There are 2 protein chains.
Amino acid sequence: MYREQIKVLDCTIRDGGLMNNHTFDDRFVREIYRTISRAGIDYMEIGYKNSRKLFESGKYGAWKFCEDEAILRVIDGIESRTKLSVMVDVGRVDMNDIQPKKKSPVSMIRTACYVQDVDKAIHMANEFAGKGYETAVNLMAISKVRETDLDECLAQLEEECRCDVVYLVDSNGSLYQENIEYLLKKAKGIVKTKEIGIHAHNNQQLAFSNTIEAIIHNANYLDSTIFGMGRAAGNCPTELLLGFLKNPKFDIRPVLDFISREMVPLSKRVEWGYVIPYAITGMLDEHPRLALKLREGDQKENYREFYESLSGSAGID
Amino acid sequence: MYREQIKVLDCTIRDGGLMNNHTFDDRFVREIYRTISRAGIDYMEIGYKNSRKLFESGKYGAWKFCEDEAILRVIDGIESRTKLSVMVDVGRVDMNDIQPKKKSPVSMIRTACYVQDVDKAIHMANEFAGKGYETAVNLMAISKVRETDLDECLAQLEEECRCDVVYLVDSNGSLYQENIEYLLKKAKGIVKTKEIGIHAHNNQQLAFSNTIEAIIHNANYLDSTIFGMGRAAGNCPTELLLGFLKNPKFDIRPVLDFISREMVPLSKRVEWGYVIPYAITGMLDEHPRLALKLREGDQKENYREFYESLSGSAGID
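### Brief notes about the overall build of chain A
Helix and strand counts for chain A stand at twelve helices and eight strands. Radius of gyration (C-alpha) of chain A: 19 Å, near the 20 Å computed for a compact globule of 317 residues. When its C-alpha atoms are laid out on the principal axes, chain A stretches across 65 × 45 × 45 Å. A buried classification covers 49% of the 317 residues belonging to chain A. Sequence-distant contacts in chain A: of pairs separated by 6 or more residues, those separated by 24 or more amount to 77%.

Written out as structure tokens, the structure is:
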């Protein structure tokens, strides 16, 4: 697949950071930035821009806050055409922390929100746009949204929001390719003046195929993470996506190198990927939080009981 | 997805056996047979029916030969409506080993062949049909077949073969959903009086989505393996497929139980699944044999070099 407009955004540090409280050390983040730059990937999302007033600093690493100094430290001296992105959640950012773009190493700010919070997200995204940033609004938990609410939300984004991209986020990893086709056609039909993006989760091993399906139906902004690292089951693996895309600007080889040197060892210490409780929440269209909790306790391998508790099928035989 | 005609064939023991020389012990095979029976799965493929004259018996377990006595030992006393299947390769079976159906615990014989060997496969499948078996012909390495050869092969199967099912096998795990759609439409257009089956490999995490794509385009015979166990990257996971199919004859819970008790421990001793060299052979549309060889040696984590050696991109920077 080659389409010039396609942009890949690697969010390993941001989504993967949800599995280690954003504690990647500077060396690791420098290495991944070098890798992504050499691979020709368009964007790297380096973390969340949360307010330190809302979170205990000692509990989290630098990439939950993404202060410009921290970012400058890890990109210093590395040749790159990759743009940096940060994510903000509605209600967790201090708008005064956001410098005008020309004073910041960040190029893009993505605002994550549930459909019911889209008014706030639009307000925030417009403010970021006013400060000179590229902007996106990431609509989370899209599988759970009532159709009329989604229609209205997309129309509002089209009419009221200055964002460049509207992302559909399959937070639960529950969508199949036919759902992706349907949602992409809908979004492209309503949001005519902006790009559509896709952020897929891999609970059912469908993150890559759902990303392909979104590409076929004209999504141009594609999220991925190296070796699929991300919350719970993780995301569309960057290496598979680069293998599929035929744009010569990409080079998969630095990514392969990074996986063997860094991600394989890391995957022995931090769990993500195809783990049955995450698959179960995916197939039942539930948020992975209960599965994440299960994996922390001594019932972690009790898949049948977990399924029965979520699906209400206990005792039925 | 609910379509009454859909049949699931679990081939964990057969395809998974390629990773342990078919040495599953009787206890394990009894347990998986019990699990598959309770789950309501239509078929279980228990191994290969190879001739002992061609293979050193000491090197392989029972499921490379599938003698009726071995099969009877592991199914004895277990209540089941699951039919048993065995696979034969062209040129590796002694046709005299095949009893008439009424004397055998096996219901279905599937003949695996490359497209160039389809004449032999047709001859064999017709003989099995004559002995009273359900029969299938599994066309391997479908991603590598020249289009006109495939057309001719499918027409021959339609006209000359008594088999019930023609399977398309993505041996390399290289096909994307658009390829599956194309191949299924072609097969359904030519093979009008038989069912079409799909056997996908998971090198690029596409085995499940490709199976869904095949279902959408009217494949009714679906191969899967529990926890995805199979050669190299493995196959479409049975548990995901059952989660997707809405036919009430299936019950996912015994499968979940079996995964926690048996497959998770097994996966620590035998390697299959998402391993980067398998992903690389998938994206380059190569057979996984070189990746399997790599994983046995001390260069097993040298992904970049492996990619460069296969793609001819070494030294290009």
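The discussion continues.
### Observations regarding the sheet that holds strand 1 (residues 7-10) of chain A
Residues and elements named next belong to chain A. The strand order around the closed barrel built from eight strands is 1-2-3-4-5-6-7-8, with neighbouring strands paired in parallel fashion. With strand direction ignored, the average angle separating the axes of adjacent strands in the sheet is 25°. As defined by bridge partners, strand 6 (residues 165-170) adjoins strand 7 (residues 195-200) across six bridges and the pair is classed as parallel. Residue pairing in the sheet places leucine 168 in a bridge with isoleucine 198 of strand 7. Across the face of the sheet, helix 7 (residues 207-216) comes into contact with strand 6, strand 7 and strand 8 (221-224) while running at roughly 170° to strand 7.

### Things to note about the interface of chain B and chain A
At the interface, 30 residues of chain B touch 30 residues of chain A. Looking at the side of chain B that touches chain A, the elements that each hand over two or more residues are helix 6 (177-190), helix 7 (207-216), helix 8 (238-244), helix 9 (253-269), helix 10 (276-283) and helix 12 (303-311) of chain B. Ranked by residues supplied to the side of chain B that touches chain A, first place goes to helix 9 of chain B with six residues.

### Looking at the relation of the copies chain B and chain A
To go from the first copy of the chain to the second, apply a rotation about an axis and then a shift along the same axis. Under the fitted operation, chain B is carried onto chain A by 0.0 Å of movement along the axis and a turn of 180°, and the coordinates agree to an RMSD of 0.0 Å. A rotation of that kind, with that shift, is consistent with a two-fold axis. Interface overlap between copies is the fraction of interface residues in one copy that are interface residues in the other; for chain B against chain A it reaches 100%, indicating a shared surface.

### Topic: unusual backbone geometry
Residues and elements named next belong to chain B. Of note, glutamine 205 is a non-glycine position whose phi angle comes to about 60°, a positive value. Counting through the fold element by element, glutamine 205 comes out in the loop between strand 7 (195-200) and helix 7. In this model, phenylalanine 227 sits at a positive phi of 60°, which is unusual for a non-glycine residue. Residue placement: phenylalanine 227 occurs in the loop between strand 8 (221-224) and helix 8.

### Re the domain arrangement of chain A
Residue and element names in this part refer to chain A. Along its sequence, chain A is carved into domain 1 (7-269) and domain 2 (276-311). For domain 1 versus domain 2, the distance between C-alpha centres works out to 25 Å. With eleven residues of domain 1 in contact, the opposing surface of domain 2 contributes eleven residues. A breakdown of the residues in the side of domain 1 that touches domain 2 according to their chemical character gives two nonpolar, seven polar and two charged.

### Remarks on the sheet that holds strand 1 (residues 7-10) of chain B
Residues and elements named next belong to chain B. Sheet architecture is closed into a barrel: eight strands sit in the order 1-2-3-4-5-6-7-8, paired in parallel fashion. The average undirected angle you get between the axes of adjacent strands in this sheet is 25°. Pairing of strand 3 (residues 83-89) with strand 4 (residues 108-113) involves five bridges; the strand directions are parallel. When the sheet's bridge partners are listed, aspartate 89 is paired in strand 4 with alanine 112.

### Notes on the environment of asparagine 220 of chain A
All names here are of chain A. Assignment of secondary structure puts asparagine 220 in the loop between helix 7 and strand 8. The class of asparagine 220 is partly exposed, set by 16 C-beta atoms lying within 10 Å. Not counting the four nearest positions on each side in its chain, asparagine 220 is found in contact with Gln5, Ile6, Lys7, Glu195 and Ile196.

### Remarks on helix 2 (residues 26-38) of chain B
Residue and element names in this part refer to chain B. With 13 residues, helix 2 should cover 18 Å at 1.5 Å per step; its first-to-last C-alpha distance of 18 Å lies within 8% of that length. In this structure, the buried residues of helix 2 make contact with strand 1, helix 1 (12-16), strand 2 (43-48), helix 3 (68-75) and helix 9. Two residues or fewer past helix 2, glycine 40 is found with a positive phi of approximately 80°.

### What to know about the packing of helix 10 (residues 276-283) of chain A against helix 12 (residues 303-311) of chain A
All names here are of chain A. Relative to each other, helix 10 and helix 12 sit at 20°, their axes nearing to 10 Å. In terms of orientation, helix 10 and helix 12 fall into the roughly parallel class. Considering how the two elements wind past one another, helix 10 and helix 12 form a crossing that is right-handed. Residue-level inspection shows Ile276, Pro277 and Ile280 of helix 10 in contact with helix 12, the latter providing Tyr303, Phe306, Tyr307 and Leu310. Residue composition of the contact of helix 10 with helix 12, grouped by class: seven nonpolar, no polar and no charged.

### Here we look at the confidence of the model for chain A
With 99% of its residues at a pLDDT of 70 or more, chain A has an overall mean of 97. Scoring the predicted complex yields pTM 0.97 and, for the interface, ipTM 0.97.

What counts, and where the lines are drawn
The residue numbers shown here count from 1 along each chain, following its written sequence. Chain A is the first chain written and ligand 1 is the first ligand written, with later ones labelled in order. Local features in this predicted model are restricted to residues whose pLDDT is 70 or higher, and side-chain atom pairs enter the listing and the counts only when it is 80 or higher, whereas totals over whole chains, interfaces and linings include all residues. Think of it this way: any DSSP run of H or I at least four residues long counts as a helix, any run of E at least two long counts as a strand, and we number them from the N terminus. A radius of gyration in this sense is built from C-alpha atoms; the matching globule rule multiplies 2.2 Å by the number of residues raised to 0.38. Working definition of burial: number of other C-beta atoms within 10 Å of the residue's own, with buried at 20 or more, exposed at 12 or fewer, and partly exposed in between, all C-beta atoms being placed from the backbone. Any residue pair is listed as a contact if its two C-beta atoms, each placed from the backbone, are within 7 Å. Paired strands, as defined in this entry, are two strands with at least two bridges between them according to DSSP. Where helices are involved, their axes are fitted lines through C-alpha atoms of the stretch in contact, as for all axes, and angles between N-to-C directions lie from 0 to 180°. The fit set for superposing copies consists of C-alpha atoms from residues with pLDDT of at least 70 in both; the fit itself is least squares. These domain limits were set by an automatic method or by a database of domain assignments. Charged means Asp, Glu, Lys or Arg here, nonpolar means Ala, Val, Leu, Ile, Met, Phe, Trp, Tyr, Cys or Pro, and polar covers whatever is left, Gly included. Here the expected length of a helix is defined as 1.5 Å per residue gap, with one fewer gap than residues. Roughly parallel here means an angle under 35 degrees, roughly antiparallel means over 145, roughly perpendicular means 65 to 115, and every remaining angle is called oblique. Here a crossing is taken to be left-handed if its near helix is turned anticlockwise relative to the far helix by less than a right angle, and right-handed if that turn runs clockwise. As a per-residue measure, pLDDT reflects the predictor's confidence and takes values from 0 up to 100.

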